Amino acid sequence: MKRQVYLDYSATTPVKEEVLEKMIPYFTQSFGNPSSLYTIGQNSKQAIAEAREQVAALIGADSKEIYFTSSGTEADNWAVIEAAEARKNKGNHIITSKIEHHALLHSAEYLEKRGFDVTYIGVDDKGFIDLDELEAAITDKTILISIMYANNEVGTIEPVSEIAAIAKKHGVLFHTDAVQALGNVPIDVHAIGADMMSVSAHKIYGPKGVGALYIRKSLALPSHIHGGGQENKKRAGTENLAGIVGFGAAAELAATNLDGHIEKVTALRNYFIDRVCKEIPDVYVNGDILRRLPGNANITFEYIEGEALLLLMDLDGVAVSTGSACSSASLTPSHVLTALGIPAEIIHGSLRFTIGDFTTKDDLDYTVEHLIKNVEKLRRISSVSKEKGWQAYGVV
Ligand SMILES: *Cc1c(COP(=O)(O)O)cnc(C)c1O
């Protein structure tokens, strides 16, 4: 069988065996509705309570501040839409950034249609939010700031504590999308001072279809799904029992092994970047080299089409992505790389490699070998590469 190398851990991760084992009984024997009063219902309720503790522990929250949702996307929608609607008599201005996930950007666009004004803060060439621009954008109408903890395309880790302090100083709520940071960065939501934080299970070796929103204890965020009294009457609908149990188990594993995970994945990522930069001409790394997610290597290969390279790598069994999973089916250049000031033609030659717990050095050696071969092949057949490639080598 052809070798398979998965290097797209920022798109999703496989469910770890230990996590799956904990989930299975909740589909079959222990299937009781957590709202039922008899024993198997109460057992389910207990399992959800335990998962809530586990997810809370991973971000330094109190379990009462964790509300399970169907996804990170739902958590983002709930946070910004309901926080904005609840405060519209105070003001109608929201601040976010140009590099947010679409779960946030499209929620902001929705709010614009509902009469809110949104300012999209820019970033520098490494992907860092401009804190001066952020503070200068605050007006007496500003009610909410939402800036992601770490970017999913280039891996840049934002100064969220500084952003939270600016928000607090001006009496503005602060939400952060921590879906990529979770399990990859030590998080202490109370120390940061965020009012709301979104997380998701399937980026940390848990199941797809379950996320959570942290809501600071004293914050009265309105419910956005109406029905039964689940999730402390804030998020109705019979709970995704097995999914929530899986999220809890994945969170506990991540917490136990956080330092080891960061160390191992960072070392592999650096090894990969070093080899690519040494062995393939005309490449560069996008984003910041130090303050970035452990597993992220976003690399531009000049004079080639990223999609073509992605497809050739796929033929060799290597799964990588161009930009984010969500925009890779479209031909518009990544909004994140555009915000970093990278020209469109160069963005098209960029690929995102994301390394995770199951990646081996062997996988990366195999990937580098095939990158060398496929980049060479594409540059040979591309007229742009020949002409500009010669110049790049100084042989005019
Ligand atoms: C994956 C991701 C989301 C969406 O989470 P889902 O659980 O897949 O809906 C939101 N924000 C960021 C930064 C992500 O990487």
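Note that the coordinates shown come from a computational prediction; the quantities given were computed from them, not determined experimentally.

A closer look at a nonpolar patch on the surface
Together, Val-15, Leu-20, Ile-24 and Phe-27 give the surface a local cluster of nonpolar side chains, amounting to about 350 Å² of exposed area. By the secondary structure assignment, Phe-27 is in the loop between α1 (17-23) and α2 (39-59).

Looking at the sheet that holds strand β12 (residues 350-354)
One open sheet holds the three strands; their spatial order is β9-β10-β12, and the pairing between them is antiparallel. In this open sheet, the two edge strands, each paired with only one partner strand, are β9 (283-286) and β12. Neighbour to neighbour, the strand axes of the sheet diverge by 30° on average, direction disregarded. Where strand β10 (residues 296-301) meets β12, five bridges bridge the pair, whose relative direction is antiparallel. Bridging across to β12, Asn-298 finds its partner in Arg-352. Packing against the sheet, helix α14 (residues 361-381) makes contact with β9, β10 and β12, and its axis sits at approximately 25° to β10.

Section: the domain arrangement of the chain
Taken domain by domain, the chain comprises domain 1 (5-11 + 258-393) and domain 2 (17-254). Each of domain 1 and domain 2 was reduced to a C-alpha centroid, and the two centroids are 29 Å apart. Listed per partner, the contact involves 29 residues of domain 1 and 32 residues of domain 2. Approximately 2,500 Å² of surface area, both sides summed, lies buried where domain 1 meets domain 2, with 56% of it carried by carbon and sulfur atoms. For the domain 1 face of the interface with domain 2, the top three residues by lost area are Leu-258, Arg-291 and Leu-293, together amounting to 25%. Along the contact surface separating domain 1 from domain 2 lie zero salt bridges. Linking domain 1 to domain 2 there are 14 residue pairs in polar contact (both at pLDDT 80 or more). Taken together, the elements giving at least two residues each to the side of domain 1 that touches domain 2 come down to α10 (258-279), β10 and α12 (335-339). When residues in the side of domain 1 that touches domain 2 are grouped by element, the largest group, four residues, is from α12. Of the residues assigned to the side of domain 1 that touches domain 2, the class counts are 12 nonpolar, 12 polar and five charged.

Looking at the environment of Thr-39
Topologically, Thr-39 is positioned in helix α2. Assessed through its relative accessible area of 58%, Thr-39 is described here as exposed. Separated by 338 residues in sequence, Thr-39 and Lys-377 have C-alpha atoms that sit 64 Å apart.

A word on the site of the ligand
As a matter of local geometry, the ligand sits amid 13 residues, with Thr-73, Asp-177, Gln-180, Ser-200 and Lys-203 nearest to it. Here Thr-73 contributes a side-chain N or O atom positioned 2.6 Å from an oxygen atom of the ligand. One of the side-chain N or O atoms of Gln-180 is found 2.7 Å from an oxygen atom in the ligand. Relative to its free-state accessible area of 380 Å², the ligand is covered by the protein chains to the extent of 89%. For the shell around the ligand, a count of residues per class yields two nonpolar, eight polar and three charged.

Quick look at α10
Helix length check: α10, at 22 residues, gives a terminal C-alpha distance of 31 Å against a target of 32 Å (1.5 Å per residue), a fit within 8%. The complete set of buried residues in α10 reads Leu-258, His-261, Val-265, Leu-268, Arg-269, Phe-272, Ile-273, Arg-275 and Val-276. Projection of α10 onto a plane perpendicular to its axis shows the buried side chains occupying an angular sector of 165°, all on one side. Those residues of α10 that are exposed and aimed more than 90 degrees away from the buried face are Asp-259, Glu-263 and Lys-278.

Things to note about the environment of Thr-96
Following the sequence through the fold, Thr-96 ends up in strand β3 (residues 93-97). The exposure class of Thr-96 is buried, given its relative accessible area of 1%. Taking the C-alpha atoms as reference points, Thr-96 and Leu-134, 38 residues apart in sequence, are found 8.7 Å from one another. Contact partners of Thr-96, with chain neighbours within four places excluded, come to Leu-104, Ala-108, Val-118, Thr-119, Tyr-120, Ile-121, Ser-146 and Ile-147.

Some thoughts on the side chain of Asp-316
In this structure, Asp-316 sits in the loop between α11 (306-315) and β11 (318-319). Classification of Asp-316 by relative accessible area gives buried; the value is 14%. Residue contacts for Asp-316: discarding those within four places in its chain leaves Lys-2, Arg-3, Tyr-366, His-370, Lys-373 and Asn-374.

Overview of the packing of aromatic side chains
Summed over the entire model, instances satisfying the criterion amount to seven aromatic pairs. Each residue in the set Tyr-6, Tyr-9, Tyr-205 and Phe-358 is aromatic and connected to the rest through ring pairs, giving one cluster. It is Lys-16 that lies over the ring of Tyr-205; its NZ or CZ is 4.3 Å from the centre.

Some points on the packing of α11 against α14
The geometry of α11 relative to α14 is characterised by a closest axis approach of 10 Å and an angle of 130° between their N-to-C directions. With respect to α14, the element α11 is oriented oblique. Seen along the crossing, α11 lies across α14 with a hand that is right-handed. Together, Ala-308, Leu-309, Leu-312 and Met-313 of α11 and Thr-367, His-370, Leu-371, Asn-374, Val-375, Lys-377 and Leu-378 of α14 make up the contact between the two elements. Taken together, the residues of the contact of α11 with α14 break down into seven nonpolar, three polar and one charged.

About the thresholds
Residues numbered from 1 in each chain as written. Predicted model: local features only at pLDDT ≥ 70, side-chain atom pairs only at ≥ 80, totals over all residues. Heavy atoms only, no water. Patch = residues over 30% accessible without salt bridge, like charges linked within 9 Å, V, L, I, M, F, W, Y side chains within 5 Å. Areas by Shrake-Rupley, 256 points an atom, 1.4 Å probe, with all protein chains shown as cover. Salt bridge = Lys/Arg side-chain N within 4 Å of Asp/Glu carboxyl O. Helix = DSSP H or I, 4+ residues; strand = E, 2+ residues; numbered from the N terminus. Pairing = 2+ DSSP bridges. Axes fitted to C-alpha atoms, helices over the stretch in contact; angles between N-to-C directions. Contact = heavy atoms within 4.5 Å. Domains from an automatic or database assignment. Buried area = accessible area lost by both parts, 1.4 Å probe. Polar contact = N/O pair within 3.5 Å; in protein donor to acceptor, adjacent residues only side chain to side chain. Nonpolar A, V, L, I, M, F, W, Y, C, P; charged D, E, K, R; others polar. Buried < 20%, exposed > 50% of the residue type's maximum accessible area, 1.4 Å probe, protein only. Near = heavy atom within 4 Å. Expected span 1.5 Å × (residues − 1). Arc of directions from axis to C-beta. Phe/Tyr/Trp six-rings, centres within 6.5 Å; stacked < 30°, edge-to-face > 60°. Lys NZ or Arg CZ within 6 Å of the ring centre and 35° of its normal. Parallel < 35°, antiparallel > 145°, perpendicular 65-115°, else oblique. Left-handed = near helix turned anticlockwise from the far one by under 90°.

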